[in-house]
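Read off the chains here:
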Amino acid sequence: MSQESTVPGEVVETAEIPEPGAVTIVVPTFNESANVRQLLHQITEAVPARLPCEVVFVDDSTDDTPQVIEKAAQDCPFPVTVLHREDPVGGLGGAVVEGLKAATSDWIVVMDGDCQHPPSLVPDLVATGERANAGLVVASRYIKGGSRAGLAGSYRVAVSRGATWLTKALFPRRLHGISDPMSGFFAIRRSAVTAEVLQPLGYKILLELAVRSRPRTVTEVPFVFQDRFAGESKSTAQEGLRFLRHLAGLRAASPVARMVGFGLIGLTGFVPNLLGLWALTAAGMHYVPAEILANQLGVAWNFVLIEHLLFRERRRHRRWWDRAGRFALLANADLVLRIPLIALFVHQFHLGVLSATALALVTTFVLRFAATEALVYLPRRGPEKPVRESRTARRAV
């Protein structure tokens, strides 16, 4: 405790605030040349000299953003580095992971490059983390003192709230204590980052961090989401779809969740199957070959959804035609295996036809899921091909 005298003869005890360690500010940018000069100026004004600071821009731009950063950095009292990625793997989230790997300080603060995240909050994020001995400090718009005022239009507000509700409903345990999992403004200890387990897709990197490698202690500070300084938002319908794919991939990370998702996707496959059967029989085809062909439509439908929603991270282990052929073989083998199973249950175990059929469906489903995971998406034995890395040019300015 420290002692501070406010009135002659009176001593008041105040809580001692730990001195924060150094901080690396990671800023992912995509065509933000109109904003980066203002952002560096705000950081210069906001971060006190007692807090050692470096700024790492991870840039995916197609404009002159790197050159503008280089020129603006000449007036900064702290080191500025630009990592320009020619191949922006993982989108904004992938850029943040590159920045996390490049950071050298005790604390890493991630913020956007459009000036909607106030740099004046950086010292408070780090000090709060030190005071609470936390591994992650989230700047939240949804606790007392926070505001989403900078979100332009009721549509973006509704989308943001809907996405927040959806993620918290899907990950109630992992996101416990995080009121704003959609925030792109947070501080994390470098020792709490396990970059190797991260598989970002799109711009919601905090959600990726919280679900895959959440630090044990998390706290929040309120912040007011600012208006964009210049330019237009990068949020598009395509980014929204990437977010949903990312959400599905995170939720399917556990075997039980993958099995449930596998079953739900299988149920949706009845729609193209039945539509194809109706179209082929209406065209005059005999129902037996029509059923065989229609079943392939359902198989193709299921394969596309499973590829993108359940096993996105494992697709690199085999070529797509190899995966498709194996998946189709397993899906059609299901039909061949089901009939002998039904006969076995009826004649050997004396089940009724309906009970035997239901049990055969469950049995073949579990077998098909296990076989799909083991024979289609698990890595092959032997040396694994190296994952293609993005070409990144590092430049200290």
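Residues numbered from 1 in each chain as written. Predicted model: local features only at pLDDT ≥ 70, side-chain atom pairs only at ≥ 80, totals over all residues. Heavy atoms only, no water.

Caption draft 1: Representation of the overall build of the chain. Along the chain, the regular secondary structure elements total 12 helices and 10 strands. Counting all 397 residues of the chain, 45% fall into the buried class. The contacts of the chain with a sequence gap of at least 6 include a subset with a gap of at least 24, amounting to 76%. Total accessible area on the chain is roughly 20800 Å²; 60% of this is exposed by carbon and sulfur atoms. (Helix = DSSP H or I, 4+ residues; strand = E, 2+ residues; numbered from the N terminus. Buried < 20%, exposed > 50% of the residue type's maximum accessible area, 1.4 Å probe, protein only. Contact = heavy atoms within 4.5 Å. Areas by Shrake-Rupley, 256 points an atom, 1.4 Å probe, with all protein chains shown as cover.)

Caption draft 2: Local environment of the packing of aromatic side chains. Tallying each qualifying case throughout the model produces 5 aromatic pairs. For the ring pair F303 and F327, a centre distance of 5.5 Å and an interplane angle of 50° mean the geometry is tilted. Highlighted residues: F303 in helix 10 (residues 287-309) and F327 in helix 11 (residues 320-347), separated in sequence by 24 residues. When its relative accessible area of 12% is taken as the criterion, F303 is described as buried. Here F327 falls in the buried class, since its relative accessible area comes to 2%. Ring centres of F345 and F349 lie 6.2 Å apart, and the angle between their planes is 55°; this geometry places the pair in the tilted category. Using a relative accessible area of 10% as the deciding quantity, one classes F345 as buried. Put simply, the rings of F185, F223 and F225 pair up and form one aromatic cluster. Sitting over the ring of F225, R141 keeps its end group 5.5 Å from the ring centre. (Phe/Tyr/Trp six-rings, centres within 6.5 Å; stacked < 30°, edge-to-face > 60°. Lys NZ or Arg CZ within 6 Å of the ring centre and 35° of its normal.)

Caption draft 3: Just the confidence of the model for the chain, in detail. Looking at the chain, pLDDT values average 78 and 80% of them are 70 or higher. Overall, residues 1-20 carries pLDDT values under 50, and its contacts beyond four positions in sequence, including any with other chains, amount to 25 contacts. (pLDDT = per-residue confidence, 0-100.)

Caption draft 4: Spotlight on the state of the cysteines. Scanning all chains against the criterion turns up 0 disulfides. Here C76 stays unpaired: no disulfide links it, and the sulfur of C53, its closest cysteine neighbor, is 9.0 Å away. (Disulfide = S-S within 2.5 Å.)

Caption draft 5: Region of the structure containing the side chain of R85. Tracing the backbone shows R85 in strand 5 (residues 80-85). Look at R85 and you get buried, because its relative accessible area is 3%. Only 2.9 Å separates the side chain of R85 from the side chain of D60, close enough to count as a polar contact. (Polar contact = N/O pair within 3.5 Å; in protein donor to acceptor, adjacent residues only side chain to side chain.)

Caption draft 6: The arrangement of the pattern of salt bridges in detail. The final tally for this structure, using the stated rule, is 5 salt bridges. Salt-bridge contacts for E307 lead to R323; the nearest nitrogen and oxygen are separated by 2.7 Å. Of this pair, E307 sits in helix 10 while R323 sits in helix 11, placing them 16 residues apart in sequence. A single burial state applies to E307 and to R323, both of which are buried. Across the pair R318 and D322 runs a salt bridge whose closest N-O atoms are separated by 3.6 Å. Residue R318 is classed as buried on the basis of its relative accessible area, which comes to 11%. Here the salt bridges do not stand alone but share partners, grouping R318, D322 and R326 into one network. (Salt bridge = Lys/Arg side-chain N within 4 Å of Asp/Glu carboxyl O.)

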